[in-house]
Amino acid sequence: MIPELPSFERWGDLAGKRVLVRVDFNTPVHEVNGKTEVADDFRIRATLPLLEYLKSRGAAVTCMTHFGRPNGTGDERFNVEPLRRCLNGLCPGIELMENLRFNPGEEANDPAFGASLTEGFDYYINEAFGASHREHASIMIPPTLIPSAAGPNLQKEVLTILTALESPKRPFVAIVGGAKIKDKLAITKVLAQKADQVIVGGGMAYTFEVADGRTIGDSLFDESNLQNCRSLLDSQKVLIPTDSLGLKSGQPFGDGGPDAAQGFDENIPDGFMGLDIGPETIEAFVAVILSAGTILWNGPMGVFEDDRFAKGTTAVAKAVAASSGFSVIGGGDSVAAIQKLGLAGEVDFVSTGGGASLELVEQGDLPGLKALRNSKG
Ligand code: AMP
């Protein structure tokens, strides 16, 4: 059962009404002729259907967003002027408030700050999926004060992820990777219950390999999660790498380096570290991905920023794109990898919210969604 979110269509005509929209315009910027400009307007463009709809209904619209980490100070490097210029170019007549995080009340979820945001507004819409896992004032407080609704992108994002999870076309194959095993184990556990197979790659896989009785040299290892990895392996659903690519310990990596990648089979000897999945693993993972009915992917298979260790992530990205299964990608790095390869268009759904999509899979809900469901009016 996927809980419904309140919709803004129920408000009908909005002539003379003021609508406050929480967006996520936290977007990369760069310097152009000494001026800071938006480098990638994807997140701003994504809100245009909602903003145009509200305008066409006669509403006066104000957006609000966080931008960078000014930590509750008015750090001018993070003023929203470049975002405002970009928004005005794409959709004139929409206001944008100053950076929410200039006020410490935002991250402290201060009710008084939250109330000050809604002053003079008739309605609130949350169109910031990527911020909805945070109990911040702009997400949590407006729904307690004025009639509130979920924006179309937020609705779609939640529905797509929860449908893939709750009523997947089988076989359902989940892929998890990345470095921070402590952040990814909770999601791996949930996926091991819901999916038919969970592929584990990236730095987090080496703790599983130790749990499986193998040696990993100086690869990433988190002893505190060894037992958790053992239990997950016992579920018989987890597929881990059987070979790796890597380097001598202490050699530079991440941004290229002088040494060529070295191959290791099951065991990595002392004095070496694993930084990508090997060719045998790629073949096994790709075969499973190509036979999937539903795919959920979060996290790279290796240090993909370094071309020497991007083969695993590239092969997985290509297989996800080629698979006829319904594919959902979440998490900044897997999204970056699929975009770098120009394959984002081949995937059924690319989630914009890294932390939020992880938490939605883990918990089945988010604080910001609960707030909307409990909203006033
Ligand atoms: P995460 O933030 O946990 O999703 O991890 C993403 C990061 O994991 C990327 O920057 C990768 O470079 C890194 N990563 C992936 N595989 C490995 C590995 N075998 N060793 C070290 N770092 C890795």
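Quantities reported herein were computed from a predicted structural model and do not represent experimental measurements. (Residues numbered from 1 in each chain as written. Predicted model: local features only at pLDDT ≥ 70, side-chain atom pairs only at ≥ 80, totals over all residues. Heavy atoms only, no water.)

*Asks:* I keep staring at empty space enclosed by the protein and nothing clicks. Help me out?
*Replies:* If a probe the size of a water molecule is rolled over the atoms, the empty space left behind becomes visible. Counting across every chain of the model gives 1 cavity of 30 Å³ or more. In this structure, the largest cavity occupies an estimated 100 Å³ of space. Looking at the largest cavity, it is lined by 13 residues, and the ones nearest its centre are Leu-296, Asn-298, Gly-330, Ser-357 and Val-361. Among the residues forming the lining of the largest cavity, the class breakdown is 9 nonpolar, 4 polar and no charged. (1 Å grid on protein atoms, 1.4 Å probe; cavity = no way out; pocket = protein on both sides within 12 Å on 5 of 7 lines; lining within 4 Å. Points joined across faces, edges and corners; volume = space filled by probe spheres on them. Nonpolar A, V, L, I, M, F, W, Y, C, P; charged D, E, K, R; others polar.)

*Asks:* What is the right way to read the pairing of strand β4 (residues 60-64) from this model?
*Replies:* If a strand is regular, its side chains alternate between the two faces of the sheet. Across the 5 residues that make up β4, a large majority, 4, are buried. In this sheet, β4 lies alongside strand β1 (residues 18-22) in parallel orientation, the contact comprising 5 bridges. By the bridge assignment for β4, Val-21 is matched with Cys-63. With 2 bridges joining them, β4 and strand β5 (residues 95-96) adopt parallel strand pairing. Note that in β5 the partner of Thr-62 across the bridge is Glu-95. (Buried < 20%, exposed > 50% of the residue type's maximum accessible area, 1.4 Å probe, protein only. Helix = DSSP H or I, 4+ residues; strand = E, 2+ residues; numbered from the N terminus. Pairing = 2+ DSSP bridges.)

*Asks:* Quick question: what am I supposed to make of the nonpolar core here?
*Replies:* The tendency in soluble globular proteins is for nonpolar side chains to be buried side by side. Grouped together as the largest cluster of nonpolar side chains are 55 residues, with contacts concentrated most on Leu-191, Val-198, Val-200 and Phe-208. Here this core spans two domains, since at least three of its residues come from each of domain 1 (8-152) and domain 2 (170-324). The contacts of Phe-208, once residues within four sequence positions are left out, are Ile-181, Leu-185, Thr-188, Val-200, Cys-229, Leu-232, Leu-233, Val-238 and Ile-240. Counting 29 residues, the second largest nonpolar core, distinct from the first, contains Phe-8, Val-19, Phe-67 and Ala-149. (Core = buried A, V, L, I, M, F, W, Y, C linked by side-chain atoms within 4.5 Å. Domains from an automatic or database assignment. Contact = heavy atoms within 4.5 Å.)

*Asks:* How should the packing of aromatic side chains be read in this particular structure?
*Replies:* Centre distance and the angle of the planes are the two values used to describe a pair of aromatic rings. In the structure shown here, the tally under the stated rule is 4 aromatic pairs. A centroid spacing of 5.3 Å and a plane angle of 65° characterise the contact between Phe-8 and Tyr-53, whose relative ring orientation is edge-to-face. With Phe-8 in the segment before β1 and Tyr-53 in helix α2 (residues 48-56), this pair connects stretches of sequence that are 45 residues apart. When its relative accessible area of 23% is taken as the criterion, Tyr-53 is described as partly exposed. The interplanar angle of 85° and the centroid separation of 6.4 Å between the aromatic rings of Phe-67 and Phe-78 together place this pair among those described as edge-to-face. Placement of the pair is Phe-67 in the loop between β4 and α3 (81-90) and Phe-78 in the loop between β4 and α3, with a sequence separation of 11 residues. In this structure, Phe-67 and Phe-78 share a single accessibility class: buried. Over the aromatic face of Phe-121 sits the side chain of Arg-18, whose NZ or CZ is 4.3 Å from the ring centroid. (Phe/Tyr/Trp six-rings, centres within 6.5 Å; stacked < 30°, edge-to-face > 60°. Lys NZ or Arg CZ within 6 Å of the ring centre and 35° of its normal.)

*Asks:* It is not clear to me how the side chain of Arg-214 should be interpreted in this structure. Could you clarify?
*Replies:* Residue position: Arg-214 is located in the loop between α10 (205-211) and α11 (226-234). Within the structure, the side chain of Arg-214 is placed 2.9 Å from the backbone oxygen of Pro-241, a separation counted as a polar contact. With near-sequence residues (within four places) excluded, Arg-214 lies in contact with Glu-209, Ile-240, Pro-241, Thr-242, Glu-266 and Asn-267. (Polar contact = N/O pair within 3.5 Å; in protein donor to acceptor, adjacent residues only side chain to side chain.)

*Asks:* I'm lost on the packing of helix α12 (residues 279-290) against helix α13 (residues 311-322) in this one. Help?
*Replies:* The angle between the axes and the distance between the axes are what describe a pair of packed helices. Where α12 contacts α13, the two axes come as close as 9 Å, and the packing angle between them is 20°. As the angle between them shows, α12 and α13 are arranged roughly parallel. α13 is crossed by α12, and the crossing has right-handed handedness. In contact with Ile-282, Val-286, Ile-289 and Leu-290 of α12, α13 contributes Lys-311, Gly-312, Ala-315, Val-316, Ala-319, Val-320 and Ala-322. Of the residues contributing to the contact of α12 with α13, the split by class is 9 nonpolar, 1 polar and 1 charged. (Axes fitted to C-alpha atoms, helices over the stretch in contact; angles between N-to-C directions. Parallel < 35°, antiparallel > 145°, perpendicular 65-115°, else oblique. Left-handed = near helix turned anticlockwise from the far one by under 90°.)

*Asks:* Please clarify how the sheet that holds strand β6 (residues 123-126) should be interpreted in this entry.
*Replies:* Strands in a sheet are paired, the pairing made by backbone hydrogen bonds, and the direction either parallel or antiparallel. The parallel open sheet is built from 5 strands, whose spatial order is β5-β4-β1-β6-β7. Of all the strands in the sheet, the pair left with one neighbour each is β5 and β7 (148-150). Two elements, β6 and β7, share 3 bridges in a ladder whose sense is parallel. Looking across to β7, one finds that Tyr-124 is bridged to Ser-148.

*Asks:* Teacher, can you tell me more about the packing of helix α8 (residues 152-166) against helix α15 (residues 354-363) here?
*Replies:* At a minimum axis distance of 10 Å, the contact between α8 and α15 shows a crossing angle of 40°. Judged by the angle between their axes, α8 and α15 are oblique. Note that α8 runs across α15; the crossing there is right-handed. For the pair α8 and α15, the contacting residues are Val-158, Ile-161, Leu-162 and Leu-165 in the first and Ser-357, Leu-360 and Val-361 in the second.

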